[in-house]
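Understanding the architecture of this molecule
Read off the chains here:
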Amino acid sequence: MTENEAALVCRALSDANRLRIIKMLSEGEKCGCKLLEAFQITQPTLSHHMKILCGCGLVKARRQGKWTHYSLCCETFRAFKGYISSVECHSGEECKGESK
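These lines cover the structure that appears in this document, whether it is placed above or below. Here the structure is a predicted model, which is why all the values come from computation and not from measurement. (Residues numbered from 1 in each chain as written. Predicted model: local features only at pLDDT ≥ 70, side-chain atom pairs only at ≥ 80, totals over all residues. Heavy atoms only, no water.)

Structural notes on the packing of aromatic side chains
- In the structure shown here, the tally under the stated rule is zero aromatic pairs.
- Sitting above the plane of the Phe39 ring, Arg20 keeps its charged end 4.4 Å from the centroid. (Phe/Tyr/Trp six-rings, centres within 6.5 Å; stacked < 30°, edge-to-face > 60°. Lys NZ or Arg CZ within 6 Å of the ring centre and 35° of its normal.)

Brief notes about unusual backbone geometry
- Here the phi dihedral of Gln40 falls at roughly 55 degrees; this positive angle occurs in a residue that is not glycine.
- The topology assignment puts Gln40 in the loop between helix 3 (32-39) and helix 4 (43-55).
- Here Gln40 falls in the exposed class, since its relative accessible area comes to 68%. (Helix = DSSP H or I, 4+ residues; strand = E, 2+ residues; numbered from the N terminus. Buried < 20%, exposed > 50% of the residue type's maximum accessible area, 1.4 Å probe, protein only.)

Details of the nonpolar core
- Residues Met50 and Val59 are the most contacted members of the largest nonpolar core, which totals 20 residues.
- Broken down by secondary-structure element, the contributors of at least two residues to this core are helix 1 (3-12), helix 2 (16-25), helix 3, helix 4 and strand 3 (67-72).
- Considering every element that reaches this core, the biggest residue donor is helix 2, with four residues.
- In this view, Met50 contacts Ile21, Leu25, Leu35, Val59 and Tyr70; residues no more than four positions away in its chain are not counted. (Core = buried A, V, L, I, M, F, W, Y, C linked by side-chain atoms within 4.5 Å. Contact = heavy atoms within 4.5 Å.)

Quick notes on the pairing of strand 2 (residues 59-64)
- Taken together, the six bridges between strand 2 and strand 3 define a ladder with antiparallel strand orientation. Each bridged residue has a counterpart across the sheet, and for Ala61 the counterpart in strand 3 is Tyr70.
- The hairpin turn running from strand 2 into strand 3, its antiparallel successor, is two residues long, and Gly65 in that turn takes a positive phi close to 65 degrees. (Pairing = 2+ DSSP bridges.)

In structure tokens form, the structure reads like this:
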């Protein structure tokens, strides 16, 4: 995964609702109607979130009748996890939560 691809995923995950959607989809494919029920948001708001998640490649969408079903794209998810796992901290200092 390139830095630009990782940045797109990070931007997509920078919203608490989208993180929650990813968590739900990690349990398996979900119909948009089920996501709407879980979030108590409007359909246009859900569509906005799903457009961002699909746009970065983390989520796949498939139409079935009038509903769209969403699932994680495991290839992108694993590539992002690998990218994040490759980042190490070598400063040797513990963070104390203080600004200097």
